[in-house]
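Listed below are the residues making up each chain.
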Amino acid sequence: MRCIKYMLFVINFMFVLTSVLLITVGLTIKTIFSEFDAFVDDHFMSPPTLLVAIGFILLAVAIFGCVGAVKESTMMINIYGVLLAIIFVLEVSAAISAFVLQGQVANMLQRTMFQSLQKYDENLYVREAVDFMQSVLECCGVHGREDWEGILGPVNSTDASKEIVLPESCCEIHYPGDHDTECVWFTDGCFNQMNFVISQSAMLIATGATTVAFVQILGVICAFMLAKTIRRTKTQRALRQWQLQQSLGIYNKPINHYNPPYIQLNNSEKPKKDPDAQDFIYQPNSPSVN
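The structure presented is a predicted model; accordingly, all values stated were derived computationally and were not measured.

1. What to know about the nonpolar core
Phe-39, Met-113 and Trp-148 are the most contacted members of the largest nonpolar core, which has 60 residues in total. Of all elements in the fold, only α1 (2-35), α2 (46-71), α3 (74-102), α4 (105-118), α5 (124-137) and α6 (191-248) reach the threshold of two or more residues within this core. Tallying contributions element by element places α6 first for this core, with 13 residues. Dropping the residues within four chain positions of it, Trp-148 is found in contact with Leu-117, Tyr-120, Val-130, Gln-134, Cys-140, Gly-141, Ile-164, Val-165, Leu-166, Pro-167 and Cys-170.

Following this line, the structure appears as structure tokens:
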């Protein structure tokens, strides 16, 4: 039993570290999605949120399992195993949803990024989101700066380098001199980098949840094995104690606290003797032996 108990302690320690890792990864991915929330649909926020919730639940369950192992409580260990099984189902659900969302990233970004360019002049929130994306990723437009054609202004045919009016976020400012500034326009589009960031985030959620889910199978098996071992050990301990009491002549006789009630009859209630009845004298049939 000690071997299984120590193994359960090791697994719970791994679960504590894993829960911290899940919480960290979930919060990081949720922060990334929040920074680009103008280009990410709302349902993409569900897997990282679920991952954070699973991390906190797993942390509490791991502590609960350690307490049950220390107390050698069969009920607590069984509850611990059932909770791990429920968390396993949640992690599989998070992994499946992340895998499904990964296949939707490209189409979603194509739609949301072009819509954001069209609303650049109309919505301040969209403008800040687009500027943040282009300045951080050092890109311009969806597939290139040609995507800005006709959005911010008419085409300037006099200057070939500025045929398309571009926002300042498409420009990286250099300072060649003390007071001189030079703007270098980005040429690459933002789609490939955004697709990589969002897809890899979804893949990280899927692989992390899947890995932890398979590790939890070992925890469920050890939990039920430990509960079975504790139950068998307690039964054997009680049996040895009973055998020892029997060998020492110690009996636990039950005390009969039951006293049957009786009713005392009054003289008026006693049955009257029939005057014609004769007393019966018992005489044995067998001869007496002197």
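From this point on, the discussion continues.
2. What about α4?
Relative to the 20 Å expected for 14 residues at 1.5 Å per residue, α4 spans 20 Å between its end C-alpha atoms, a close match to the ideal helical length. The complete set of buried residues in α4 reads Val-105, Met-108, Leu-109, Thr-112, Met-113, Ser-116 and Leu-117. Down the axis of α4, the buried set is contained in an arc of 145°. They therefore lie on one face. Counted as exposed and oriented over 90 degrees from the buried face of α4: Asn-107 and Gln-118. The inward-facing, buried residues of α4 abut α3, α5 and α6.

3. A short note on the state of the cysteines
Applying the stated criterion across every chain, the model contains two disulfides. The disulfide bridge from Cys-140 ends at Cys-170, spanning 2.1 Å between sulfur atoms. Residues Cys-140 and Cys-170 are joined by a disulfide whose S-S torsion is about 85°; by sign, that bridge is right-handed. With Cys-140 in the loop between α5 and β1 (171-174) and Cys-170 in the loop between α5 and β1, the pair connects residues that are 30 residues apart, well separated along the chain. Taking relative accessible area as the criterion, Cys-170 reaches 0% and is therefore assigned buried.

4. Here we look at the side chain of Gln-134
Positionally, Gln-134 belongs in helix α5. A distance of 2.9 Å separates the side chain of Gln-134 from the backbone nitrogen of Gly-141, its partner in a polar contact. If we skip the residues at most four places from it in the chain, Gln-134 touches Cys-139, Cys-140, Gly-141, Trp-148, Pro-167, Ser-169, Cys-170, Phe-186 and Cys-190.

5. Looking at the UniProt feature "transmembrane region" (unreviewed entry) in the chain
The UniProt entry lists residues 7-29, 49-70, 77-101 and 202-227 under the feature "transmembrane region" (unreviewed entry), expressed in the numbering used here. Measuring from the first to the last C-alpha atom of residues 49-70 gives 32 Å, for a span that is 100% helix and 0% strand.

6. Here's the deal with unusual backbone geometry
Here Glu-138, not a glycine, exhibits a phi torsion of approximately 55°, which is positive. When you line up the elements, Glu-138 lands in the loop between α5 and β1. Glu-138 gets classed as partly exposed once you look at its relative accessible area, which sits at 45%.

7. Digging into the packing of α3 against α6
Running from amino to carboxyl end, α3 crosses α6 at an angle of 165°, the nearest separation of the two axes being 8 Å. As summarised for this structure, α3 and α6 are arranged roughly antiparallel, according to the angle between their axes. Relative to α6, α3 is oriented so that their crossing is left-handed. Class assignment for the residues of the contact of α3 with α6 results in 27 nonpolar, eight polar and three charged.

8. Describing the environment of Cys-222
Tracing the chain through its elements places Cys-222 in helix α6. Sequence separation of Cys-222 and Met-7 is 215 residues, and the distance between their C-alpha atoms is 7.6 Å.

9. Some points on the confidence of the model for the chain
Of the residues in the chain, 77% reach a pLDDT of 70 or more, and the chain-wide mean stands at 78. The secondary structure element of the chain with the lowest average pLDDT is β1, at 71, and the one with the highest is α4, at 90.

10. A few points about the pattern of salt bridges
Enumeration according to the criterion identifies two salt bridges in this entry. The residue Asp-41 makes a salt bridge to Arg-111 at a minimum N-O spacing of 2.7 Å. Taken together, the residues span a long stretch of sequence, with Asp-41 in the loop between α1 and α2 and Arg-111 in helix α4 at a distance of 70 residues. In this structure, Asp-121 engages Arg-127 in a salt bridge whose closest nitrogen and oxygen atoms are separated by 3.9 Å.

11. Side note on the packing of α2 against α6
It is at 12 Å that the axes of α2 and α6 come closest, and there the two elements cross at 20°. The angle between the axes of α2 and α6 places the two elements in the roughly parallel class. In the crossing of α2 with α6, the sense of the turn from one axis to the other is left-handed. Mapping the contact onto sequence places Pro-47, Pro-48, Leu-51, Leu-58 and Ala-69 in α2 and Ile-205, Ala-209, Val-212, Gln-216 and Leu-226 in α6.

Parameters and conventions
Residues numbered from 1 in each chain as written. Predicted model: local features only at pLDDT ≥ 70, side-chain atom pairs only at ≥ 80, totals over all residues. Heavy atoms only, no water. Core = buried A, V, L, I, M, F, W, Y, C linked by side-chain atoms within 4.5 Å. Buried < 20%, exposed > 50% of the residue type's maximum accessible area, 1.4 Å probe, protein only. Helix = DSSP H or I, 4+ residues; strand = E, 2+ residues; numbered from the N terminus. Contact = heavy atoms within 4.5 Å. Expected span 1.5 Å × (residues − 1). Arc of directions from axis to C-beta. Disulfide = S-S within 2.5 Å. Polar contact = N/O pair within 3.5 Å; in protein donor to acceptor, adjacent residues only side chain to side chain. UniProt positions renumbered as here; feature names shortened; annotations may be inferred. Axes fitted to C-alpha atoms, helices over the stretch in contact; angles between N-to-C directions. Parallel < 35°, antiparallel > 145°, perpendicular 65-115°, else oblique. Left-handed = near helix turned anticlockwise from the far one by under 90°. Nonpolar A, V, L, I, M, F, W, Y, C, P; charged D, E, K, R; others polar. pLDDT = per-residue confidence, 0-100. Salt bridge = Lys/Arg side-chain N within 4 Å of Asp/Glu carboxyl O.

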